Amino acid sequence: MPPTKPPTSKLLQESLRLLDEAIAAGDESLAEIAARSGVGWHWLGKLRQGGIADPGVNKVEALHSYLTAKRAAGAEASAA
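Residues numbered from 1 in each chain as written. Predicted model: local features only at pLDDT ≥ 70, side-chain atom pairs only at ≥ 80, totals over all residues. Heavy atoms only, no water.

Quick word on the packing of helix α1 (residues 10-25) against helix α4 (residues 57-79)
Using the following cut-off: Each axis is a line fitted through C-alpha atoms, taken for helices only over the stretch in contact, and angles between the N-to-C directions span 0 to 180 degrees. Per the convention used, a helix needs a DSSP run of H or I reaching at least four residues, while a strand needs a run of E reaching at least two, with both numbered from the N terminus. Roughly parallel refers to an angle under 35 degrees, roughly antiparallel to one over 145, roughly perpendicular to one between 65 and 115, and oblique to any angle outside these ranges. Crossing handedness is read from the near helix: turned anticlockwise from the far helix by less than a right angle, it gives a left-handed crossing, and turned clockwise, a right-handed one. In what follows, residue pairs with any heavy atoms lying within 4.5 Å of each other are defined as contacts. Note on residue categories: nonpolar means Ala, Val, Leu, Ile, Met, Phe, Trp, Tyr, Cys or Pro, charged means Asp, Glu, Lys or Arg, and polar means any other residue, Gly included.
Where α1 contacts α4, the axes come no closer than 9 Å and their chain directions differ by 50°. Taken together, the axes of α1 and α4 are oblique relative to one another. Here α1 runs over α4; the crossing is left-handed. Contacts from Leu11, Leu12, Glu14, Ser15, Arg17, Leu18, Leu19, Glu21 and Ala22 in α1 reach Val60, Glu61, Leu63, His64, Leu67, Thr68, Lys70 and Arg71 in α4. A class-by-class count of the residues in the contact of α1 with α4 yields eight nonpolar, three polar and six charged.

Rendered as structure tokens:
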């Protein structure tokens, strides 16, 4: 029987989308995002490249929390 791929959570999918948006914006590097979100730079790079089959929920939550707060702050600054 071939190996099955673990399901990808909505939180992980959203976190990766936010990460791609943040990198595309160009105001922070991957290393800066890693440091500010409290996850390791190597882990974040591997996650972004799909190299972690089952990332830990605590790290994904930390990344997601940072990126959503960053996005909200950017939206507030644009509205002001």
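Additional details are given in the paragraphs that follow.
Thoughts on the environment of Ile33
Turning to its location among the elements, Ile33 is positioned in helix α2 (residues 30-37). On a C-alpha basis, the gap between Ile33 and Leu63 in space is 8.2 Å, while along the polypeptide they are 30 residues apart.

Digging into α4
Defined as follows: Every helix has an expected span of 1.5 Å times one less than the residues it contains. Burial classification: accessible surface area is computed with a 1.4 Å probe over protein chains only, and a residue below 20% of its type maximum counts as buried, one above 50% as exposed, and the rest as partly exposed.
Counted at 1.5 Å a residue, the expected span for α4 with its 23 residues is 33 Å, and the 32 Å between its end C-alpha atoms agrees. Along α4, the residues that are buried comprise Val60, Leu63, His64, Tyr66 and Leu67. Buried residues in α4 make contact with α1, α2 and α3 (41-48).

Quick look at the environment of Leu19
Following the sequence through the fold, Leu19 ends up in helix α1. Between the alpha carbons of Leu19 and Gly38 there is a distance of 14 Å; along the sequence they are 19 residues apart. Other than its neighbours up to four places away in sequence, Leu19 contacts Leu30, Ile33, Leu44, Arg48 and Leu67.

Structural notes on the side chain of His64
Structurally, His64 can be placed in helix α4. Residues contacting His64, with those up to four places away along its chain left out, are Leu11, Glu14, Ser15 and Leu18.

Some words on the nonpolar core
Our working definition: Note on terminology: a nonpolar core comprises buried Ala, Val, Leu, Ile, Met, Phe, Trp, Tyr and Cys residues joined through side-chain atoms within 4.5 Å.
In this structure, Leu19, Ile33, Trp43, Leu44, Leu47, Leu63 and Leu67 are the most contacted members of the largest nonpolar core, which totals 16 residues. Residue assignment for this core shows that the elements contributing at least two residues are α1, α2, α3 and α4. Beyond its immediate stretch of four places on either side in the chain, Leu67 contacts Ser15, Leu18, Leu19, Ala22 and Ile33.

Re the pattern of salt bridges
Note the cut-off: Salt bridge, as used here, is a side-chain nitrogen of Lys or Arg placed within 4 Å of a carboxyl oxygen of Asp or Glu.
Inspection of every chain in the model, using the stated rule, returns seven salt bridges. In this structure, Glu14 engages Arg17 in a salt bridge whose closest nitrogen and oxygen atoms are separated by 2.6 Å. Linking Glu14 with Arg17, this pair stays in helix α1, spanning three residues, or about one helical turn. For Glu14, a relative accessible area of 26% gives the class partly exposed. A salt bridge links Glu21 to Arg71, with the nearest nitrogen and oxygen atoms 3.6 Å apart.

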